[in-house]
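A look at the structure
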Protein chains: 2
Amino acid sequence: MASEDATSHSPAATPFKFSNRVLLKTILERGDGGMELVNQRVVIGGWVKSSKEVTKSSLPPKLSEDGYEENKTKDVTCVEILQSRIPLIRTLIRVFGGSVNAPSKKAESVVPKPLPPQPSTVYLLLTDGSSVATLQVVVESSIAPPSKIMPTGTCILVEGVLRQPSSEGKHAVELKADKILHIGTVELDKYPLSKKRLPLDSLRDHSQFRPRTTMVATVMRIRSALSFATKSFFKDNAFLDVQVPTITTTDCEGFSKMFHVATLDKKVNKKKLDTIYETEGVSLETVKDAVKEKSNIIENLKRSESNREALVAAIQDLRKTNELASQLEARGKTRSGTILKADKVDSSEEFFSGGTYLTVCGRLHLESYACALGNVYSFGPRFRADTTDSAKHAAEMWMVEVEMAFSQLKDSINCANEFFKYLCKWILENCTEDIRFVAKRIDSTCIYRLEQMIKISSEMVSYSAAVEVLRKVENKNFETNLEFGVDLTTEHLSYLADHIYKRPVIIYNYPKEVKPFYVRLNDDGKTVAAFDMVVPKVGTIISGSQSEERLDMISSRIQELGLPREKYEWYLDLRRHGTVKHSGFTLRFDLMVLFVTGLGNVRDVIPFPRSYGRANN
Amino acid sequence: MASEDATSHSPAATPFKFSNRVLLKTILERGDGGMELVNQRVVIGGWVKSSKEVTKSSLPPKLSEDGYEENKTKDVTCVEILQSRIPLIRTLIRVFGGSVNAPSKKAESVVPKPLPPQPSTVYLLLTDGSSVATLQVVVESSIAPPSKIMPTGTCILVEGVLRQPSSEGKHAVELKADKILHIGTVELDKYPLSKKRLPLDSLRDHSQFRPRTTMVATVMRIRSALSFATKSFFKDNAFLDVQVPTITTTDCEGFSKMFHVATLDKKVNKKKLDTIYETEGVSLETVKDAVKEKSNIIENLKRSESNREALVAAIQDLRKTNELASQLEARGKTRSGTILKADKVDSSEEFFSGGTYLTVCGRLHLESYACALGNVYSFGPRFRADTTDSAKHAAEMWMVEVEMAFSQLKDSINCANEFFKYLCKWILENCTEDIRFVAKRIDSTCIYRLEQMIKISSEMVSYSAAVEVLRKVENKNFETNLEFGVDLTTEHLSYLADHIYKRPVIIYNYPKEVKPFYVRLNDDGKTVAAFDMVVPKVGTIISGSQSEERLDMISSRIQELGLPREKYEWYLDLRRHGTVKHSGFTLRFDLMVLFVTGLGNVRDVIPFPRSYGRANN
């Protein structure tokens with residue numbers, strides 16, 4: 001069925017199936033580095049990483065030993081070459097400040113024409129993104145003007161013959177060009193990557209060019225491999241792939257910061273918007289302020305050392321105030337000439353009839369499919385309108401969500417563990433070149449770390465035990481004081497994984513207050529069947545739970561937390577008819593890329609990251 | 001690397017890795033139908049499709065020959081059994097109309113207690129979603145009350161021994177239960193699937209239960225297989241998987257109906273909203289009405305027999321009017337005490353700093369990665385706020401988008417063709433049971449159709465030739481009159497694929513007016529390098545193009561169409577620096593599921609479909 005893998009080691013250079021060029025990986029990632037392909041004629045295409053020019057009278061150049069480096073300062077840039085080679089051009093630049101590629105008309109009329117260039121040989125290191133390795137391409141100045149092909153970022157399509165390099169170096173082969181089929185030039189003064197290597201956070205301002213750097217290209221190849229490994233794991237284990245909806249009316253957790261989806265600009269009834277209203281007697285604003293205040297109290301109660309009863313009371317209080325607000329608003333609506341506020345536009349005028357949001361989490365929808373098809377998973381974007389500037393968070397992130405019918409907490413922990421190991425193993429076995437580059441340039445421990453993950457088993461610690469362990473720590477003051485009922489902070493979790501156990505830690509049986517309403521209540525009535533898998537460097541990478549399959553239990557949880565029951569009726573139906581024990585988990589895919597690469601910020605591993613105030617294309 | 005496939009034909013029944021049950025497919029989809037597993041003890045779990053009860057004194061039941069059927073009227077439903085078996089219960093139902101499972105208190109107090117039930121044997125047909133086939137489970141009434149386990153939709157987890165069926169039938173094995181480990185009951189009067197088979201459009205009202213029907217479960221298994229086949233095709237051909245953003249500021253086509261993304265309810269400045277404004281002199285509303293009118297004119301020009309110049313003039317006119325509207329709105333904003341309308345909320349107060357939308361198409365973002373990594377694809381949800389009630393459209397649909405550097409129109413046509421054939425072949429080879437069910441219940445021609453698609457090649461027809469061919473058709477009046485420059489309607493396309501060529505048709509070189517701004521202009525100056533692949537039954541399933549790689553050409557297209565150039569600067573950068581010929585295409589994934597299954601409405605092949613007015617969970 002499967003067509004032949006493009007990376008297989010065939011004796012001839014196989015052109016890419018859908019154009020006549022040969023992918024560089026099929027030359028450079030062979031066992032022999034391409035030696036067996038010497039004397040073959042090929043077409044290759046790619047972008048210039050660095051370049052050198054040697055005039056015929058000089059000695060052959062000392063080649064860079066390091067094909068990986070993008071723009072090392074020891075490499076001579078195009079401008080430098082031009083400056084040193086033709087003094088006339090240097091003068092031209094000094095006097096008129098014009099660009100070398102496009103001298104102004106004025107410059108041409110004043111300065112005498114430059115001397116015809118000496119014949120030279122250009123050495124280009126070329127990448128086409130298929131591999132971290134680069135191919136050296138040798139171009140005589142007689143077949144292409146050096147100034148056009150040498151700038152970093154220039155695209156060329158070139159035909160030539162593979163040969164052994166004329167001087168020793170790390171490459172087994174180079175390409176002697178005899179025909180340049182295409183040149184895509186660079187506007188030198190505007191191209192952001194033509195200077196020295198940029199730090200990752202500056203690169204984020206140029207997301208359209210980022211994948212042209214060796215660093216981001218490598219990360220994206222690893223990301224792509226992780227994506228395929230995910231599909232492969234679930235295929236091997238007979239899971240079905242279900243695409244859960246992005247647009248939803250369901251708040252998965254009951255308290256998420258969600259993005260609103262609307263087509264306001266088309267559907268809002270103009271008349272309704274032309275006036276504003278104030279309700280008489282009690283002002284709606286006063287009630288809304290009260291809602292805000294009470295919400296804050298609940299937040300604080302959740303965080304601090306509150307007991308459960310105080311929290312439940314506060315939530316019920318909030319629910320009543322919310323009801324009052326709704327009544328006031330409804331009264332406002334029915335008065336003639338009154339409208340809703342813009343922040344509560346009448347949704348009956350909208351594309352969708354209810355309030356619709358971008359999904360925070362697909363597990364509730366996935367449960368519906370698990371309770372019919374058995375074992376299912378989903379891989380897609382999830383959204384949180386979180387304004388905090390965390391390195392581990394972006395507004396749009398990809399998640400792998402898993403749900404299994406006829407399973408319990410321990411089953412989803414087993415599955416999560418095995419999935420995580422599978423991903424680590426996949427990268428070691430399928431991304432050898434890329435992971436070597438990561439070890440060299442980002443994180444020297446990354447290969448060891450992945451190997452360890454495959455060998456060692458995770459530490460299993462109940463929440464209570466974790467609290468005990470952390471309370472006994474003496475030489476460290478945590479920002480939040482721990483006792484039963486308080487959620488573990490990132491600081492606590494990192495301390496467990498990085499300092500105490502030095503391996504992945506699975507913390508389970510959390511107090512019900514710190515987990516969503518749908519998690520199954522344990523027999524102690526206090527804890528729920530949830531777990532977090534915490535790994536060194538990254539923190540919580542997987543969160544999972546056994547869902548509450550008992551209708552009465554989940555109903556009272558919904559009531560306890562003051563959630564709008566009518567929104568969850570479809571979900572409760574799964575308990576009403578043919579209910580079954582089931583469990584699952586979520587892997588934060590972007591954090592998995594961080595874990596593998598050792599990078600610190602998700603913005604550097606997401607193709608076009610979105611966060612508070614940032615969505616530029 | 002890969003763990004053993006769960007469907008492989010091992011001699012022992014392999015329990016599912018992450019719980020101790022055995023998936024039914026590992027029993028029923030073996031070559032021998034499970035014969036070799038006779039006498040093995042297994043745990044299985046699933047949901048009841050249909051059931052029969054036989055009292056000890058009766059003869060053994062005549063088993064349904066057709067494990068596929070969900071709820072055939074010839075099968076006796078639980079209520080019918082209860083009615084016929086115990087006359088007392090029948091009386092109870094007639095008199096009080098109460099439910100059998102939960103008789104009212106009143107009923108209990110009036111009617112004498114039912115006689116103790118006779119010992120009986122229950123025959124259940126069980127599905128667990130892993131296969132279209134069902135397993136017969138035989139349960140003695142002594143180990144579970146028949147009334148609890150017999151209703152359609154009941155979930156059971158059961159332990160027993162596989163054996164040859166006591167009477168002849170289509171199944172090679174059945175399970176003799178000796179322990180019921182779990183029962184998830186059904187509330188008979190509320191469960192929508194407990195009645196006779198529901199038509200697909202009624203099922204849409206119960207999206208949480210749909211996958212429990214054999215039909216939707218089968219479709220979703222095929223959908224899952226297509227999803228994996230997609231990943232597999234691109235892996236085999238050395239493409240990288242790139243996740244393009246869902247939230248975007250870029251309008252891919254320049255005229256799409258997009259969903260707005262906002263966090264209005266948090267960020268809007270209350271003071272600004274408390275007043276409204278009217279601009280003096282020219283009313284903003286008047287100008288806006290003009291914009292609407294002019295937009296309609298353009299739409300009509302596009303559809304009718306307009307020449308290009310008239311269209312361009314109309315577009316420029318619209319642009320000017322739009323500018324005037326913006327100026328008026330800006331003036332409104334700067335006056336003290338004035339606000340924006342709710343439909344144009346000041347985005348500086350928003351989560352993102354510019355207007356942000358749900359992406360219509362990811363190809364522009366994908367180009368950025370193709371122009372660095374070479375060959376890339378993306379698989380994810382795309383959005384259109386289209387209010388038309390088309391069977392081929394939903395607000396949220398999944399697309400496969402492909403982009404290849406160093407390639408031209410013909411290359412993307414080749415790739416599209418091969419990808420399409422690969423998917424057809426994959427389904428025939430990997431979904432044998434499911435596709436047989438589809439042939440039996442939905443579309444008897446589906447297997448032949450898929451086989452044909454693999455064998456025959458697509459018909460290649462230029463747009464001009466297609467227009468000629470269609471104008472010569474005599475025995476058919478099309479709703480839209482054709483001449484050069486008019487877009488082909490669904491009616492035209494279907495006629496070409498279904499009646500004239502009777503195979504996939506690839507129409508290429510469209511007039512530039514009917515394709516987006518980014519498509520490459522051909523040398524004739526009139527047509528562009530775009531193609532559509534039209535298949536029988538479904539219509540356009542793939543659309544592709546070679547992108548315009550020349551900065552000057554794409555710049556003038558943007559100007560010609562009056563698009564906001566500043567929004568596309570990042571995209572133009574790809575032409576400014578290291579440009580390259582590149583091409584790609586989009587496969588409408590949901591339509592591919594329609595094509596394979598022969599179903600007519602995308603709402604029946606999307607797990608939770610969203611369309612105008614419909615997003616219920």
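Our structure is the block above this text.
Now for a quick tour of the structure. This is a predicted model, so every value here is computed, not measured. (Residues numbered from 1 in each chain as written. Chains lettered and ligands numbered in written order. Predicted model: local features only at pLDDT ≥ 70, side-chain atom pairs only at ≥ 80, totals over all residues. Heavy atoms only, no water.)

1. Describing the overall build of chain A
Spelled out, the test is: Counting from the N terminus, the helices are the DSSP runs of H or I reaching at least four residues and the strands are the DSSP runs of E reaching at least two. Partly exposed residues are those whose accessible area sits between 20% and 50% of the maximum for their type, while under 20% is buried and over 50% is exposed, using a 1.4 Å probe and protein chains only. By the convention used here, residues are in contact when the closest approach between their heavy atoms is within 4.5 Å. Computed by Shrake-Rupley with a 1.4 Å probe, the accessible areas treat only the displayed protein chains as cover when residues are assessed.
The helix and strand tally for chain A stands at 20 helices and 16 strands. Expressed as a percentage of the 617 residues in chain A, the buried residues total 58%. Of the contacts made within chain A by residues no fewer than 6 positions apart, 71% connect residues no fewer than 24 positions apart. When the accessible surface of chain A is totalled, it reaches about 24900 Å², and 50% of it is carbon and sulfur.

2. Quick word on the packing of aromatic side chains
How two aromatic rings sit relative to each other is set out by the distance from centre to centre and by the angle between their planes. All names here are of chain B. Note the cut-off: Two rings belonging to Phe, Tyr or Trp (six-membered ring only in the last case) form a pair when the distance between their centres is within 6.5 Å. Interplanar angles under 30 degrees mark stacking, angles over 60 mark edge-to-face geometry, and anything in between is tilted.
Within the structure shown, the criterion is met by 61 aromatic pairs over all chains. Geometrically, the ring pair formed by Phe379 and Trp398 is edge-to-face, given 5.0 Å between the ring centres and 70 degrees between the ring planes. With Phe379 in strand β10 (residues 375–383) and Trp398 in strand β11 (residues 396–405), the pair connects residues that are 19 residues apart, well separated along the chain. With a relative accessible area of 4%, Phe379 lands in the buried category. With a centroid separation of 5.9 Å and 65 degrees between ring planes, the pair formed by Trp570 and Tyr571 is classed as edge-to-face.

3. Things to note about the pairing of strand β11 (residues 396–405) of chain A
Two faces, one strand: in a regular strand the side chains alternate between the faces of the sheet. Residues and elements named next belong to chain A. Counted only if it meets this: For two strands to count as paired, DSSP must find a minimum of two bridges between them.
The buried fraction of β11 is high, at 10 of 10 residues. Here β11 shows a buried face lined by Glu396, Trp398, Val400, Val402 and Met404 and a second buried face lined by Met397, Met399, Glu401, Glu403 and Ala405. Alignment of strand β10 (residues 375–383) against β11, held across nine bridges, turns out to be antiparallel. Looking at the pairing, Pro381 lines up with Trp398 of β11. The pairing of β11 with strand β16 (residues 582–588) spans seven bridges and is antiparallel. The residue bridging Val400 from the neighbouring strand is Leu587, located in β16.

4. Structural notes on the sheet that holds strand β4 (residues 155–163) of chain B
All names here are of chain B. This is how the line gets drawn: Each axis is a line fitted through C-alpha atoms, taken for helices only over the stretch in contact, and angles between the N-to-C directions span 0 to 180 degrees.
Spatial strand order, β1-β2-β3-β5-β4: five strands in a closed barrel with mixed pairing. Shown here is a sheet whose adjacent strand axes are inclined to one another by a mean of 55 degrees, direction ignored. Of the strand pairs in this sheet, β4 and strand β5 (residues 174–184) are connected by nine bridges, and their pairing is antiparallel. Paired with Val161 across the bridge in β5 is Lys176.

5. Quick word on the environment of Lys410 of chain A
Within the fold, Lys410 of chain A resides in helix α13 (residues 409–430). Counting along the chain gives 39 residues from Lys410 of chain A to Arg449 of chain A, while the straight-line C-alpha distance between them is 25 Å.

6. Section: the relation of the copies chain A and chain B
Put simply, the rule reads: Residues below a pLDDT of 70 in either copy are left out; the C-alpha atoms of the rest, at least 70 in both, set the least-squares superposition of the copies.
Overlaying chain A with chain B gives an RMSD of 0.1 Å, the required rotation being 180 degrees about an axis along which the chain moves by 0.0 Å. In short, the pair behaves as if placed about a two-fold rotation axis. The overlap is high: 100% of the interface residues of chain A also sit at the interface in chain B, so the same surface is used on both sides.

7. Remarks on the interface of chain A and chain B
Selection rule: In short, buried area is how much 1.4 Å probe accessible area vanishes from two parts on joining, totalled over both. We count a salt bridge whenever a side-chain nitrogen from Lys or Arg sits within 4 Å of a carboxyl oxygen from Asp or Glu. Two N or O atoms form a polar contact when they lie within 3.5 Å of each other; inside protein one atom must be a possible hydrogen donor and the other a possible acceptor, and for residues adjacent in sequence the pair counts only when both atoms belong to side chains.
Taken together, the contact pairs 137 residues of chain A with 137 residues of chain B. Across the interface of chain A and chain B, roughly 11700 Å² is buried in total on both sides, 64% from carbon and sulfur atoms. The tally of links from chain A across to chain B stands at two salt bridges. Note that Lys17 of chain B and Glu418 of chain A form a salt bridge whose closest N and O atoms lie 2.7 Å from each other. For the interface between chain A and chain B, the tally reads 42 residue pairs in polar contact (both at pLDDT 80 or more). The pairing of strand β8 (residues 260–262) of chain A with strand β8 (residues 260–262) of chain B spans three bridges and is antiparallel. Along β8 of chain B, the bridge assignment pairs Ala262 of chain A with His260 of chain B.

8. Here's the deal with the sheet that holds strand β13 (residues 505–511) of chain A
Residue and element names in this part refer to chain A. Judged by pairing direction, the sheet is mixed, and its eight strands sit side by side in the order β6-β10-β11-β16-β15-β14-β13-β12 without closing on themselves. In the strand order of this sheet, the two ends are held by β6 (240–241) and β12 (459–462), each with one partner. Bridge count for β6 against β10 is two bridges, and the pairing is parallel. Its bridge partner lying in β10, Asp241 is registered against Tyr377. Packed onto the sheet, helix α17 (residues 490–500) meets β13, β14 (527–535) and β15 (539–546) and runs at close to 145 degrees relative to β13.

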